[in-house]
Amino acid sequence: MKAIIGKKVGMTQLFTEDGAVVAVTVIEAGPCPVVQVKSAASDGYDAVQLAYGASKPKHVNKPETGHLAKAGVAPHRHLKEFRGTTDLSVGEAVTVEAFGPGDHIKITGTSRGKGFAGTVKRHNFARGPVTHGSHNVRGPGSIGQSAWPSRVWKGIRMSGHMGAAQVTQKGLVVVDRDLERNVLLVAGTVPGAPGSLVYVREDH
């Protein structure tokens, strides 16, 4: 199981040997020290906990500071647990060297927030008629009944807050890496705005 925590930097493009253009997302990942390794025998499941983003001690609460100190790790802003078996041990550092060109990965991030959105934008509803004085051009249409049950059913898709949710993008491929700058170049787009936190895992 290969995993790492990083930050989305932005997008750029690369040119292949045959002249094709590949759009890539730049991710500044690691180094991520291993804080804890869990096993099915002692914890009921296999997992590894990584830290990311070195920080001043005043920005980390006392319980987390003690947890990191127990593993001999300096204060870090972010902790993330990845399920699966691993050969890593506490105190090791995971870098982009764990991933190579051609590796299939999946990335989890927080999608861009789009504020309050209607049903056409949020749920891809069809538009209503636009002629003869229609007042339902982008409205949701009827969502309830009059006689029974005289209410709106739970789970009806309506207008509301769109985006700013956890999204996992699968089927991504590592194009290249820069060991000196701790950078991964991933083909295609990745959830989140530039500067947002992302979790990279191998995709089986």
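Please read all numbers here as calculations on a predicted model, not as lab measurements.

Draft legend 1. Region of the structure containing the packing of aromatic side chains. Considering all chains together, one arrives at two aromatic pairs under this definition. Taken together, a centroid distance of 6.2 Å and an interplanar angle of 75° make the contact between Phe 82 and Tyr 199 edge-to-face. Here the residue Phe 82 occupies a position in strand S5 (residues 76-83), and Tyr 199 occupies one in strand S12 (residues 197-202), the gap between them amounting to 117 residues. This pair shows no difference in class: Phe 82 is buried, exactly as Tyr 199 is. Considering the side-chain rings of Trp 148 and Trp 153, the 5.9 Å spacing of their centres and the 70° angle between planes classify their relative orientation as edge-to-face. We note Lys 80 situated over the ring of Tyr 199; from NZ or CZ to the ring centre the distance is 4.7 Å. Sitting above the plane of the Trp 153 ring, Arg 151 keeps its charged end 4.7 Å from the centroid.

Draft legend 2. Quick peek at the sheet that holds strand S10 (residues 166-178). Taking strand neighbours around the barrel as the criterion, the six strands line up as S1-S2-S11-S10-S7-S12 in a closed arrangement whose pairing is antiparallel. Each adjacent strand pair in this sheet contributes to an overall mean axis angle of 50°, direction not counted.

Draft legend 3. Expanded view of the side chain of Thr 119. Turning to its location among the elements, Thr 119 is positioned in helix H3 (residues 119-123). Sequence-distant contacts of Thr 119, that is, excluding residues within four places in its chain, are made with Asn 124, Phe 125, Arg 138, Gly 139, Pro 140, Arg 157, Met 158 and Ser 159.

Draft legend 4. View of the environment of Val 167. With respect to the helices and strands, the residue Val 167 is situated in strand S10. Looking at Val 167, the relative accessible area reads 31%, which means it is partly exposed. It is 9.9 Å that separates the C-alpha atoms of Val 167 and Val 198, two residues lying 31 residues apart in sequence. Other than its neighbours up to four places away in sequence, Val 167 contacts Ile 107, Thr 108, Gly 109, Ser 111 and Pro 191.

Draft legend 5. Region of interest: the nonpolar core. Counting 24 residues, the largest nonpolar core has Ile 4, Ile 27, Leu 50, Ile 105 and Ile 107 as its most contacted members. Elements supplying a minimum of two residues to this core: strand S1 (3-15), strand S2 (21-29), strand S3 (32-38), strand S4 (47-54), strand S7 (104-110), S10, strand S11 (183-187) and S12. Beyond its immediate stretch of four places on either side in the chain, Ile 27 contacts Gly 6, Lys 7, Ile 107, Asn 182, Val 183, Leu 184, Val 186, Val 190, Val 198 and Val 200. Counting five residues, the second-largest nonpolar core is a separate cluster that includes Val 35, Ala 51, Ala 71 and Val 73.

Rules of the game
- Residues numbered from 1 in each chain as written.
- Predicted model: local features only at pLDDT ≥ 70, side-chain atom pairs only at ≥ 80, totals over all residues.
- Heavy atoms only, no water.
- Phe/Tyr/Trp six-rings, centres within 6.5 Å; stacked < 30°, edge-to-face > 60°.
- Helix = DSSP H or I, 4+ residues; strand = E, 2+ residues; numbered from the N terminus.
- Buried < 20%, exposed > 50% of the residue type's maximum accessible area, 1.4 Å probe, protein only.
- Lys NZ or Arg CZ within 6 Å of the ring centre and 35° of its normal.
- Pairing = 2+ DSSP bridges.
- Axes fitted to C-alpha atoms, helices over the stretch in contact; angles between N-to-C directions.
- Contact = heavy atoms within 4.5 Å.
- Core = buried A, V, L, I, M, F, W, Y, C linked by side-chain atoms within 4.5 Å.

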